Amino acid sequence: MKISEELNGCISRMWLRSPIVCLALLLIHLNLSYGLYEDQIGKFDWRQMYVGHVKFAEFDTVSSVKKVFVSTEENVVAALNLKSGNIIWRQVLEKKEQGTIHFMNITSEAVITVSGTNPVNVRGWDLNGGFLLWDWSFPLHVFISSEEENKWFLSDTELKLYHISLGSEIIVKPYELTSGRALEGSKLPLPLASKPSCVVAAPYIACIESVGGNPILHTVSITAVNSKPVSKPLKPLIENTEVTLESVHGSQPLVSVTSSGSKVKYLFLIEETGSRVLPYQVERSAKLVQDSLRESNILLQLLYTNEWFDVLTSNLLTGEPIPDVTSSLKYPHDRLGPPTAAAAVCTPRKDKGLGCRVLFSTTDHAVGMFHYPGKLIWVREEALASVVAVEMLDLPVSDTEAAIEKEFDHKEMDLGVSSGFGGMFTHRLLSQTLQLRLLILSILGLGDPPSAGQRAGLVRDEFGLHKMIVIATGVGKLFGIDNLSGEIVWRRRLENVASYSSQNQMILYVQRTTRHFPHPAQCALLARHKVSGEGVIFTFNPITGQPAGSESVTLLGYQIQQSMLLAFTDDNFLRGILLLDQKEQLHVLPSSAHSVAVKSAGSTFIFTADKNTGILAGYSLLFSNSQKLEATRVWEVKLTQGKQRLTAVVSKSPVERVHSQGRVLGDRSVLYKYINPNLVAVVTQGFDPVHKNFLNLYLVDVVSGSVVFSISHKKAREPVHIVHSENWVLYSYFSDKSRRTEIVTLELYEGKVQSNTTAFSSVASPIQPIVDQQAYILPGNIVAMKETITEKGITSKHILVALANGGVLELPWMFVDPRRPITVTPEMREEGVIPYMPELPVPSESIINYNQTVQRVQGIHTAPSGLESTCLVLVYGLDLYYTRVAPSKTFDVLKEDFDHFLISAVLLGLTVVSYITRKLASRKALKQAWK
Amino acid sequence: MVRVLCFVLLCFHYAVRTLSFQVDVDYDGLIKIKLQHALDHVPNPDFHDRGTVFVYSIRSGSVSLEQPPLSVSDREKLLKLSEKGGIYRLHSSVQSADGKETSFLTFVKACSLVESHLSDILSVSLDHTGSVIGVSMMTSPGVCEGQLVTKDDIRVFNTTVFVKHMEQGPVPDTAAYIQKLEREKEARERGETKDNRSFLAKYWMYIVPLVIFLVLSGAANPEGAAGGGGGGGGR
């Protein structure tokens, strides 16, 4: 609001001067209103950094500050603190297969990673700071097709990196580690018949194959010149042909062999002359790690069985157990999935004996550290690096408020007095007596203990700023996070749950908010079963994480095609979920909501969009009856032809409210907004020789099925991001022609008259909106966009733009307003639009996360707070970043530095002075009267 | 474009009519739309032929329609459908010049069709290459007010066909902006931006504070004197 006044003022005052001066001044004004003071850092915001699901891990045994290096599925290389699990340094590599890490190892100076495909990059990272020490890539013909066919071996002493490609023959190619200079390679003379399975057990390569039903182990040295392969039949030990070969990480060339059905693993120590079987066997499921200690090699067996995590230490060569470390620890199986050990290291302790640290990663993407003997030191919930759905919910009311709510809730049942003046009065007296009793009891310490939420401080505050963030992650783990502190309040692991692969999403519905005391809030998660692909549903209380129905997910027995939340609640204030399955059958969950669904069936429509065929179809529930819900196809359009793809379907936020119905023009007339809640933006993309990469955007009314507006762009390609809100659509794409990111805004108006002032109907009078459009240049790459949302929609809208450089830009809608004119007319000036400038400014003051860079943003979630001015923002991706923004500044809150003391002192002073002067005046008047 | 549509909405007096307006598109062609409708209040009804629409040129939007009048039984069915609050579904199969056939489905409330005396508007939406992506139907007027309609009122369809082209997306208008900047620069160099407002209009922001300051400082002294005098008088 204030900004617009400033703008108006600026424009009317200086309209004859250069618009640049005006704009510069304007920017200064805006800048003043955005930035953050130094002491406000971290006051309203927090950031949590993650690394992702661990793929490789290595303990640092060289540098003075001990740490553990990890590289992850999210293409991150990081060093974690051994004691706290905090990130010491983190490097984020390229996205997707461009940055897939194939190999990680450490030398005495650097962490080496091999990553990417075409080209494959070899990078060395500084152990302590994580700086890039060197970076070279393999010649382009080195192509990583699969990780099974390519092995890597790092020789620390020679500083060489060996690339071993296992095709029809085994080719070894060494490279100088720091420079990448290719050295003389060789073909390994392995007598291989069938496709073998090979592992690297430094400095040897071991392959196993079955010849005539007998498994044979071949070993050959990688580094030696003219090395000769040695073959060893495993016949007496292992007769089964289905054998698994694994190498045991450590200083000695050691491999383990197990056959299917066998309960044990055999260990083979490889030597120049052949392999030697060790005189003991180990448990099949144990993860093996070698370590050297006091000049002797030891073997660690890490075993997870029935909620216990064991470590068994033994002498490597003899198998004799070393007793003082062999111990087991209770594993927190209720909150973490089954673990697999990633790395382990043992060090002699000061007192005596051994201390072993084991880094493990779990099926639910957590990573943790055990210390033996001792305890679980830390756990990092790396599932939060793959957030797929977010909701923010109000916390429940405090105990005292709940008591008041109760008073009004049970009108019918109390003591025979139900309604009427007298009844209410009696009721009030009774409840206040009860409150008094409660108060006295609580003073004496005899009352009911406070509820769990009250104790944890999880109660609603007066401004509605304290919320619960409910997060669903790609591995099917749910989290409840306190939005003020960022702490995980609860977590729940769901088995066999996967996100919808097409868009990597799960659907989180809020079926009942916390407003309906005593009914607890309820959320539902819709996802896909990992194996069968059927839909699954899980209902839970979002404040405590406790399941509302069954303990685990419920299999629905059909695949979900579309889902929606019913518009009306049932008697328990619960909104049912309407599901359309692949056979176009309708289901409603819970089944008690059936009658609610039937009641509104005549006006309920549901639509589907098929990505592959481009068909959008609408269904009506008109023919439903109390026995069965029926979806009848009533409209159908086909948006794509040939090789076009339907890439996005974006509807408006269901919780959005539009406060202002129109826009006041310069001549004081009103241009009414076209606010159609059923409007959906659909994007199709394709390629043809004339238009090159083209992008079409359709605005489709999904109730009537009419294409309201359509627009086409030539030479435009992904990344495409869309924001759809109120009466406007904003989308960005990369322009192939100009090689830059462009933002296009469309604004829809009904005209100078409003067709229906009470409610919008898609069926009754379809009007063709007037569309204003404008294009802008954004100097930056966009990775995600979202509009701000506030409770009543009075506050002006800003667009939050996550940029590829890790900043989140807050862009006022006014800057991308399609009505910004090139030539300023007095009417336009009166209306308050700023003159057109093609390039949008990216001032660093409008970066809401200042220097808290957020990496690889997947999305932004915005939620209204109880304050009209304030919008809560959660940016998620590899990192989580939470903050709040006030698009029209905090007009409804006092400034932080507001001097309460001064103003009360002045008020008090004035009261006292006026009292005294009155006294004095009356005394004077009395004296005068006596004169 | 919108103005054209308003025009279309206003004039629907002819049973068969062609619409013509030029659009800046680089495609043209002929399309034939076969219309079939369903008049039964059942989930999966049978569709019966309603007529055919020929769009001779999608660029100019010239259209001809062939729609035989509704039979008596169909009219009864339609009235019944309207009474039941049912929907009128229209299935259209579009045959383009190259023989490709696509089908679409659209609907209106039966009551609004009946009450508009079978005046309907068919919008044929095209994509950027001129292929049809959707055929949607609306009636004019589009509201149900419950007025009495007899069988004779709904004999012939009074259809308007409207071809909706895709708009060309805007691009950032850098050229116009640079021109504007240059014009301003030139104007400044030539001194043409001479401010021809009056002295007061130009410098009011400096004058007003000065005046206020003078008034305030001027008022402060006499007030003090007057206050002193008043006190003396009181005694």
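Procedures and definitions
Residues numbered from 1 in each chain as written. Chains lettered and ligands numbered in written order. Predicted model: local features only at pLDDT ≥ 70, side-chain atom pairs only at ≥ 80, totals over all residues. Heavy atoms only, no water. UniProt positions renumbered as here; feature names shortened; annotations may be inferred. Helix = DSSP H or I, 4+ residues; strand = E, 2+ residues; numbered from the N terminus. Buried < 20%, exposed > 50% of the residue type's maximum accessible area, 1.4 Å probe, protein only. Contact = heavy atoms within 4.5 Å. Areas by Shrake-Rupley, 256 points an atom, 1.4 Å probe, with all protein chains shown as cover. Buried area = accessible area lost by both parts, 1.4 Å probe. Salt bridge = Lys/Arg side-chain N within 4 Å of Asp/Glu carboxyl O. Polar contact = N/O pair within 3.5 Å; in protein donor to acceptor, adjacent residues only side chain to side chain. Core = buried A, V, L, I, M, F, W, Y, C linked by side-chain atoms within 4.5 Å. Phe/Tyr/Trp six-rings, centres within 6.5 Å; stacked < 30°, edge-to-face > 60°. pLDDT = per-residue confidence, 0-100. Pairing = 2+ DSSP bridges. Disulfide = S-S within 2.5 Å. Axes fitted to C-alpha atoms, helices over the stretch in contact; angles between N-to-C directions.

Looking at an unreviewed UniProt entry, one finds chain B named ER membrane protein complex subunit 10, with Gryllus longicercus as its source organism. Recorded in UniProt for chain B, the comment headed Sequence similarities (unreviewed entry) runs: "Belongs to the EMC10 family." Per its UniProt entry, chain B bears the Subcellular location (unreviewed entry) comment "Endoplasmic reticulum membrane".

The name given to chain A in an unreviewed UniProt entry is ER membrane protein complex subunit 1, with Gryllus longicercus as the source organism.

A. Spatial organisation of the overall build of chain B. For chain B, the count of helices and strands is five helices and nine strands. Out of the 235 residues in chain B, the part that is buried amounts to 42%. Sequence-distant contacts, at least 24 apart, represent 67% of the contacts inside chain B between residues at least 6 apart. If you sum the accessible surface of chain B, you get close to 13,000 Å²; carbon and sulfur atoms cover 57% of it.

B. Main features of the interface of chain B and chain A. The interface is formed by 51 residues belonging to chain B together with 58 residues belonging to chain A. Buried area between chain B and chain A, both sides added, is near 4,400 Å², and the carbon and sulfur share of it is 63%. Broken down residue by residue, the surface that chain B buries against chain A is led by B:Phe107, B:His128 and B:Pro170, which jointly contribute 14%. For the pair chain B and chain A, the number of links is zero salt bridges. In this assembly, chain B and chain A are joined by 11 residue pairs in polar contact (both at pLDDT 80 or more).

C. Main features of the nonpolar core. Residues A:Leu359, A:Ile469, A:Ile471, A:Leu874 and A:Leu880 are the most contacted members of the largest nonpolar core, which totals 38 residues. The residues touching A:Leu880, leaving out its near neighbours within four places in the chain, are A:Trp46, A:Arg47, A:Gln48, A:Tyr50, A:Leu384, A:Val387, A:Ile471, A:Ile481 and A:Val875. Core analysis: the next-biggest nonpolar cluster, separate from the first, contains 34 residues, B:Ile33, B:Val94, B:Leu118 and B:Leu126 among them.

D. How the structure looks around unusual backbone geometry. All names here are of chain A. Omega for the bond connecting Leu589 with Pro590 falls within 30 degrees of zero, at -10°, which places this linkage in the cis form. Look at the link from Glu718 to Pro719: it is a cis peptide, with omega at 5°. With respect to the helices and strands, the residue Pro719 is situated in strand S51 (residues 716–725). Positive phi values are uncommon outside glycine, yet Lys96 reaches one of about 50°. When you line up the elements, Lys96 lands in the loop between strand S5 (87–92) and strand S6 (101–106). Positive phi outside glycine occurs at Glu726, with the angle close to 40°. One can find Glu726 in the loop between S51 and strand S52 (728–735). Residue Glu726 is classed as buried on the basis of its relative accessible area of 9%.

E. Up close: the packing of aromatic side chains. Per the counting criterion, the structure on display carries 23 aromatic pairs over all chains. An angle of 55° between the planes, with centres 6.3 Å apart, marks the rings of A:Tyr331 and A:Phe370 as tilted. Residue A:Tyr331 is found in the loop between strand S25 (327–330) and strand S26 (339–348), and its partner A:Phe370 is found in strand S28 (residues 366–372); the two are separated by 39 residues along the sequence. A residue is classified by how much of its surface remains accessible, and A:Phe370, at 0% relative accessible area, is buried. Where B:Phe54 meets B:Tyr56, the ring centres are 6.4 Å apart and the plane angle is 5°; that geometry is what we call stacked. Overall, B:Tyr56 belongs to the partly exposed group, its relative accessible area being 45%. Three or more aromatic residues joined by ring pairs form one cluster here, namely A:Tyr304, A:Phe309, A:Tyr331, A:Phe360 and A:Phe370.

F. View of the pattern of salt bridges. All names here are of chain A. Applying the stated rule across the entire model yields 30 salt bridges over all chains. A salt bridge links Asp135 to Arg123; the nearest nitrogen and oxygen atoms lie 3.3 Å apart. In this pair, Asp135 is assigned in strand S9 (residues 132–137) and Arg123 in strand S8 (residues 121–126), connecting sequence segments 12 residues apart. What makes Arg123 buried here is its relative accessible area of 9%. Glu636 is paired through a salt bridge with Arg633; the nearest N and O atoms lie 2.6 Å apart. One salt-bridge network, held together by shared partners, links Asp364, Glu381, Lys477, Arg491, Arg493 and Glu495.

G. Structural detail: the confidence of the model for chain A. Residue and element names in this part refer to chain A. On average, chain A scores 83 in pLDDT, and the residues at 70 or more come to 89%. Averaged pLDDT values over the elements of chain A bottom out at 38 in helix H1 (residues 2–13) and peak at 95 in helix H8 (residues 900–930). Ignoring residues within four places in sequence, the model shows residues 1–33, a span with pLDDT below 50, making 41 contacts including any to other chains. Contacts from residues 411–417, a stretch scored under 50 in pLDDT, to residues over four places away or in other chains number five contacts.

H. Structural detail: the pairing of strand S10 (residues 150–155) of chain A. Residue and element names in this part refer to chain A. With five of six residues buried, S10 lies mostly within the body of the structure. Looking at chain direction, S10 and strand S11 (residues 160–166) are connected through six bridges and run antiparallel. Its bridge partner lying in S11, Leu154 is registered against Leu161. In textbook terms, the turn of a hairpin is the stretch between consecutive antiparallel strands, and for S10 and S11 this stretch comprises four residues, one of which, Leu159, has a positive phi near 55°.

I. Local environment of the state of the cysteines. Evaluated as defined, the whole model comprises two disulfides over all chains. Each sulfur in the disulfide pair A:Cys198 and A:Cys207 lies 1.9 Å from the other. Taking the sign of the torsion about the S-S bond as the criterion, the disulfide between A:Cys198 and A:Cys207, at about 105°, is right-handed. The exposure class of A:Cys207 is buried, given its relative accessible area of 0%. The side chain of B:Cys111 participates in a disulfide bridge whose partner is B:Cys144; the two sulfur atoms lie 2.0 Å from each other. Around the S-S axis, the bridge from B:Cys111 to B:Cys144 shows a dihedral of about 75° and counts as right-handed.

J. Up close: the sheet that holds strand S1 (residues 46–48) of chain A. Residues and elements named next belong to chain A. The four strands are arranged S1-S60-S59-S58 in an open sheet whose pairing can be described as antiparallel. Two strands bound the open sheet, and with one partner strand each, they are S1 and strand S58 (857–864). The average undirected angle you get between the axes of adjacent strands in this sheet is 15°. Bridging between S1 and strand S60 (residues 880–885) involves three bridges; their strand directions are antiparallel. Counterpart to Gln48 in the pairing with S60 is Leu880.

K. Structural detail: the sheet that holds strand S14 (residues 197–201) of chain A. Residue and element names in this part refer to chain A. The antiparallel open sheet is built from four strands, whose spatial order is S14-S15-S16-S17. Single-partner strands in this sheet number two, and they are S14 and strand S17 (230–233). Taking each pair of neighbouring strands and ignoring which way they run, the sheet shows an average axis angle of 25°. As judged from the four bridges shared by strand S16 (residues 214–221) and S17, these two strands associate in the antiparallel manner. Residue pairing in the sheet places Thr219 in a bridge with Val230 of S17.

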